[in-house]
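# Coordinates in review
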Amino acid sequence: MATRIIPADWIKNWEKSGKHEFVQLCKNLAYKTNHDGTIKDIQAALYELCWHVIQGNFKLDLSASVLCDMMDLRDDMPSILADVFSILDIETSSLEEKNKRDHYTQLVGACLFFVPDAILKERLDPETLESLGLIKQAHQFNQKIVKIKTKLFYKQQKFNLLREENEGYAKLITELGQDLSGNITSHIVLESIKSLIGCFNLDPNRVLDIILEVYECRSDQDEFFLPLIKSYMCEPLTLCHILGFKFKFNQEPNEETPTSLYHIAAALLHHNLIELEDIYVHLMPLDASIVEEHKREITEAKQIARKLTMVVVPSEKTEDKEREKEEEKNDKAPDNQKLGLLEALLRIGDWHHAQSIMDQMPSFYATSHKAIALALCQLLHLTVEPLYRRAGVPKGAKGCLLRPLKNKRAPRPAESFEDLRRDVFSMLCYLGPHLSHDPILFAKIVRLGKGFMKEYQSEVRNDNIKDKMDTLLSCFLSIADQVLLPSLSLMECNACMSEELWGLFKLFPYQHRYRLYGQWKNETYTSHPLLVKVKAQTVDRAKYIMKRLTKENVKPSGRQIGKLSHSNPTILFDYILSQIQWYDNLIGPVVDSLKYLTSLNYDVMAYCIIEALANPEKEKMKHDDTTISSWLQSLASLCGAVFRKYPIELAGLLQYVTNTLKAGKSFDLLILKEVVQKMAGIEITDEMTSEQMEAMTGGEQLKAEGGYFGQIRNTKKSSQRLKDALLDHDLALPLCLLMAQQRNGVVFLEGGEKHLKLVGKLYDQCHDTLVQFGGFLASNLSTEDYIKRVPSIDILCNQFHTPHDAAFFLSRPMYGHQILSKYDELKKAEKSNRQQQKVHKYVAACELVMSPVHEAVVSLHPPRVWDDLRPQFYATFWSLTMYDLAVPHNAYDREVKKLQLQVQVIEENPDVPMNKKKKEKERCTALQEKLQEEEKKQLEHVQRVLHRLKLEKDNWLLAKSTKNETITKFLQLCLFPRCIFSAIDAVYCARFVELVHQQKTPNFCTLLCYDRVFSDIIYTVASCTENESRRYGRFLCCMLETVTRWHSDRAVYEKECGNYPGFLTIFRATGFDGGNKADQLDYENFRHVVHKWHYKLTKASVHCLETGEYTHIRNILIVLTKILPCYPKVLNLGQALECRVHKICLEEKEKRPDLYALAMGYSGQLKGRKAHMVPENEFHHKEQPVRSATPVSQQNGPGTTAKPATNASKTEEGVSEDADRAKDKSQGAAKPVNKANSTAAKVTTSNGNGAPNSTKTIKERDDKEKSGKEKKEKKEKTPGSTLETKGESRREKQRDERGAGGKEERAPREGKEKTPKADRDKQKAEEKSNKEDNKAKTGNGEPKEPSRERDTGAKESKSKEKGGDRSAMSGSLKSPVPRLESAESERDHKRRKLETHSSPSHSSSVKDNSNEPKDSASKHHINYNSVARSKSRERETDKKESENTRGRSKEKKTEDKDRKDRKRDHMTTDREMSLESKRRKDENGTNSSNKHSKSASPSSGSPVSADKEKTKRSKSSSKEKGESAKPERNSSGGKKESRHDKEKSDKKEKRDSSGGKDEKKHHKSSDKHR
């Protein structure tokens, strides 16, 4: 025993005290056992005493006497002692010590006189009884026991058979089947049964069986039969055996177990009359077979799913269906008794036992049987009824009352949400997807969820309650995941349930909802066989619908999609999205067909789109790594269309885009771009027409009507939804900041290994989306919302590291709102209608709002920046928009006229009903009034802004350093960053420069600003992305428009620029003194400057086109296309571009198709503009001979700028040709001019290309005067000088070519042969006379410009030293010409000057090798300081040249006589030479000047176009200077041919006599060129 009751000292001192203590203990124990009914303790005391005897510790006689005394304590004491002996018998029989066995036998023998023999015979082993002498033989005793048991238990008496004693059983059945409605109780009936058993000697087991049979027939009488059975037979095993026999009987093949048997078994279980473990073993089938069946069901479901996804021939399909039908007929499900019992348990409300049975089976196996699912649903109805009545019933709904179960042991009904955790949630989890069998219960559970969410969101709770509520929330989410959504999948197209469920789901945050959808889509469908089948059927049906979906059948297909989506939206949308990713032409029909969806389905659609976008297995770039994948573009388009058309929550999508930006990925900005474009109607495109651009400078109504490609209608609701989503989730500012930061991230972080083209596209996409998104916020957010969310400019830039252009872009609307609100406050405070006072209030409002901004911007740049630019000017530039600067009256008028026309069309249309006509007319009229009101409002606003700027302008620019430095900072910090920000900003920048000029802003040099912009655009173009280059091109175009307007009309120039400080050429430290007209740039010189700008643009363009770099070529072609309306205007520059672009077309056709397409597009447009181009001498007048003697390079346009020509043949050819051209143009003058000096002057002045070093030019001019006198004397002595005769032959060839230039290109040679020589002679004579006339005018026009240019060059070189090297825009500063050139001979000087040029083309001769330093190209000052000194020299030169003219005319007469004499001798030679020149020209495809440009640069076009240009030039010059033409011009047409022949022969003789050597040289150079 574990604890000893008799201590050892009792045994030792037995006689003294031990016996007394033991007797007292036994008495106490006996008393205790009488009260609590347990005999364990007294048995233990007796056992210990006997054990001491067996051990030999205690004397046998003492023990026997004390045990004898104990017999009086209780009546059953002999039986208790016999139990102790039976235990000791078992223990001692197994001991090895025989003495202990002997002691035991002696002890029992000593007790025989007070323990009856009968009791000992029942309890002790037969061998022990034999040793005690109670029986004779143990073997015989055993046999006797077996016989008695057999007779007692197994032998049936004949009289006990039912058929023989049927009266007793009949009476028993009558007794049990009587009417129980009276006072009949189970106790009374039990007494009757006992009497019947005794009277008729009935078998008790048979009686029990009959009781159960009658109970089965009267299963509704639970209250009667259950107490009866309990009092009749309380042994569970006997009941289980009888019930098991009944169940076994019904397990035969064609038998079906009756429900009544399930009911009584369930009732007996519920009242604990039997144990589940005992009855469960009698039920079929076995658990193992149930598990196998479940696995088989899953396998079959998967096979069905696989068959549905496979492509099957139609004949095979029909065969499969027939086979399935046969299998269904043959395979009748066997009777599952376990499920029957389970159903019965659920019906009576015994959830505890039902749960135990379901735990024995696979998940959801039991509830997959409809009867069990419905039984469990009914139990749930009863359990949730009280809570549903309190918190779930909608207002006005009555509902159907349920009768509660009579069973008091059923689950307690839930009174509060906390009670749901007791049973309801676990019941629902066992039910799982099979809640679909009871839509009413589904709706109840959903409504309970809604009731809970209202409590959850409304209550202010302490921590304890909060924890409970959070637990309940997680329970409801689990129920939604495991029960509600899977059940919805199994429901047959129940849109009401879908909407009901959305009522609950919309109360969850989108994170919870999307988590549920993810589980539903990716995990739920794999866990249940039914759901596996449903998924396959849904996909199959989706395929069927999508194959037939077109624009024409959107409505019926949409209904089918709607039906399918009510139950299984995730599967359907997953398939639809996969199709859209492949076929983007499905987007339109799909979007239109989604109108039959429920709210829940739209939400699921949003989730599916986000999941598809975030698919890690899909690459977001195409295989070439240069473009974004088409699937992403398709999904983005779908997003925009779907979210605009349907009320879908945007928060998830916006958060997804935000998260990808946080992760440093900008691909998905495409989605945001599409969503904003479709929902708000805000387009971002750089391909706007000029009308659209004009409309975009107006108010919101004008923008909506005329600013976008698509008509913006009905975006009010969708834009409001987008705004609400951004504000509710605080995503507006974060998205802006992330996009602004990501622009640089694209290049420096994201674009490490990506193709440059892709990096540019991503940058553009990021930037465009920022502009679009910022525009949306500016137009949709209220003033308070905007100001509350956007921080100040210094915080944006310094704290958030937002680029300055983006920061001002975000802040700009805020400034506008604040100024207007402050202006309104001031107006209300002091009411006044006077315009002047309103303007003053507006200015005051601006000062109040912008003063903090002026202080804030100081921290954005180093202090030295503010030495030249005031923060006020900087902030003003960045805070204004085109809306503030100009009113687009034309755009307003255009839109109003459109609306008027629309009204007229509606009026004339007889098909439109009257009410519709009225509505449309009212709409159009209302829009007209809105537009007119908006125009008026903008006009007043612009006037106020211009007045404000007029007041501010004097304090804008300090110019503490130089004006050049001021312009540099303005360009660097203001103009360039903003002009590439957006298309409207590009227009704004050009307009702002013009406005600053018009305002006569002190210290602002307009000329310098324009010069810096046009000077060298290579670096700015090369650093742009594709869209930035479009905007930069638009900016240049707007700048060129202004310049072209000034260039086209002297009156306009004088009015807008004549007396403005921006065109001052002497930059004094103090302000502008308008009195000195000489300090202003005159009109003609301005035209020269404009030509220089055009040339610079050409040079930069050709350079970019020749680099071979993808970015350079693409960007310059985009820029050139944008500036095509204003450039090129000069014919030779256009030809240079045309030739180079044609070369790009040939080179890139196979290699880079996108460049080829751009080049071809530009080439076609350029050819279309050719008719509007003019020769150079029409673009800017070249009156002086020095100016008119333009080098060949200028005639043919710029050539290769990046590669100086080193080829000796090119140099020699350029020298000879340039010399010929110079000689040709100076032929008519009597006084020869130093060719080196004239070339330098030509290079500098004819282009207007900056200013050369002033001192150098002065020295050259002195040398020119000296050499002029010497040359005059030489010329009088030698009339047929080498250069002159060379010029004659050169001119003659050019006349031949010009004559041919006007003909068609297909027969150029034929045209040249047909041109009469007399015409050529006439042209030659006219040009001579014009040149003589020009010589006479040299003193008036020529020196003024070079002197100014010299001064400008000197000024610029100084500012260059101060401001640092600006060669990024222009190039090197060195001039290759030595300073002292007067000491050299004129021929050497000429050759050296020309040979230093890389080629005689305009680009190199002007840019690199003229006397102009590169400084002028970068800073473009046109400063003319040494005017007075140059004028005196001009007068002297004028006089000398007039004398030369008279001398030349006399000389000509004598030459004519000599020509007549030598005419006959040289006629043949002359013809041969002319034929040879034509042949050369045909072989080379161009004239000698074009030959040069072909070899040195791609600047010339076709030979015919070049000839045309020369013909035009000669005609225009002859028209302008016709007054001084010689009398030869007026000779009659009949004499033309003879005179021409005569002159030709005279020239030939002259060449033969005096110029042979030079002619040989000329031919050598021509041969080399050929």
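Residues numbered from 1 in each chain as written. Predicted model: local features only at pLDDT ≥ 70, side-chain atom pairs only at ≥ 80, totals over all residues. Heavy atoms only, no water.

### Description of the packing of aromatic side chains
The description of two aromatic rings rests on the distance between their centres and on the angle between their planes. Put simply, the rule is: Stacked, tilted and edge-to-face are the three classes assigned to paired rings of Phe, Tyr and Trp, where Trp is represented by its six-membered ring and a pair needs centres within 6.5 Å; plane angles under 30 degrees give stacked, over 60 edge-to-face, the rest tilted. The numbering of helices and of strands both runs from the N terminus, where a helix is a DSSP run of H or I of at least 4 residues and a strand a run of E of at least 2. Three labels apply to residues, based on accessible area from a 1.4 Å probe with only protein chains included: buried if under 20% of the type maximum, exposed if over 50%, partly exposed otherwise in between. A positively charged side chain is recorded as over a ring if its NZ (Lys) or CZ (Arg) lies within 6 Å of the ring centre. The angle to the ring normal must also be within 35 degrees.
A complete count under the given rule lists 49 aromatic pairs for this structure. Ring geometry for Tyr823 versus Tyr842: centroids 5.6 Å apart, planes at 85 degrees, classification edge-to-face. Placement of Tyr823 in helix 42 (residues 804–829) and of Tyr842 in helix 43 (residues 835–857) is noted, with a sequence separation of 19 residues between them. Comparing Tyr823 with Tyr842, the two get one shared label, buried. Grouped by ring-pair contacts, the aromatic residues Phe808, Trp866, Phe873, Tyr874, Phe877, Trp878, Trp956, Phe970, Tyr988, Phe992 and Phe1004 constitute a single cluster. Over the ring of Tyr842 we find Arg944, and its NZ or CZ is 5.2 Å from the ring centre.

### What about the pattern of salt bridges?
Let me state the cut-off plainly: We define a salt bridge as a side-chain nitrogen of Lys or Arg found within 4 Å of a carboxyl oxygen belonging to Asp or Glu.
Applying the stated criterion to the full structure yields 47 salt bridges. Here Lys757 and Asp1154 are joined by a salt bridge, their closest N and O atoms 3.0 Å apart. In this pair, Lys757 sits in helix 39 (residues 756–780) while Asp1154 sits in helix 57 (residues 1153–1169), placing the two residues 397 residues apart along the sequence. As a salt-bridge pair, Glu907 and Lys921 come within 2.2 Å of each other at their nearest N and O atoms. With Glu907 in helix 46 (residues 889–908) and Lys921 in helix 47 (residues 914–952), this residue pair connects regions lying 14 residues apart in the sequence.

### Brief notes about the packing of helix 11 (residues 186–200) against helix 13 (residues 222–232)
Threshold: Helix axes are fitted to C-alpha atoms over the stretch in contact, other axes to C-alpha atoms as well, and angles between N-to-C directions run from 0 to 180 degrees. Every angle not falling under 35 degrees, over 145, or within 65 to 115 is termed oblique; those three ranges are roughly parallel, roughly antiparallel and roughly perpendicular. Handedness of each helix crossing follows the sense of rotation of the near helix against the far helix: counterclockwise by less than a right angle gives left-handed, clockwise gives right-handed. Should any heavy atoms of two residues lie within 4.5 Å, those residues are considered in contact.
Close contact between helix 11 and helix 13 brings their axes to 9 Å; oriented N to C, the two are set at 50 degrees. Accordingly, the angle class assigned to the pair helix 11 and helix 13 is oblique. Considering how the two elements wind past one another, helix 11 and helix 13 form a crossing that is right-handed. Between helix 11 and helix 13, the contacting residues are Ser186, Val189, Leu190, Ile193 and Ile197 on the first element and Phe224, Pro227, Leu228, Ser231 and Tyr232 on the second.

### Quick word on the confidence of the model for the protein
Applied cut-off: Think of pLDDT as the predictor's per-residue confidence, scored from 0 to 100.
Of all residues in the protein, 70% attain a pLDDT of 70 or more, and the chain-wide mean is 75. Under a pLDDT of 50 for its full length, residues 327–332 has, in the predicted model, 0 contacts with residues more than four places off or in other chains. Counting interchain partners and residues more than four positions distant, the pLDDT-below-50 stretch residues 1483–1545 has 156 contacts.

### Quick word on the side chain of Asp805
Inspection of the secondary structure assignment puts Asp805 in helix 42. In this structure Asp805 comes out as buried when scored by relative accessible area, which is 14%. Beyond its immediate sequence surroundings of up to four residues, Asp805 is in contact with Arg743, Trp878, Pro977 and Phe981.

### Regarding unusual backbone geometry
Residue Pro285 follows Met284 across a cis peptide bond; omega there is 0 degrees. For Pro285, the position within the fold is in the loop between helix 16 (276–280) and helix 17 (287–309). Cis geometry marks the peptide bond from Tyr1127 to Pro1128, where omega comes out at 0 degrees. For Pro1128, the position within the fold is in the loop between helix 55 (1110–1122) and helix 56 (1131–1151). The phi dihedral of Lys1000 is positive, around 55 degrees, even though this residue is not glycine. Relative to the elements of secondary structure, Lys1000 occurs in the loop between helix 49 (983–998) and helix 50 (1006–1015). Unusually for a residue other than glycine, Asn1003 sits at a positive phi of about 65 degrees. In this fold, Asn1003 is placed in the loop between helix 49 and helix 50.

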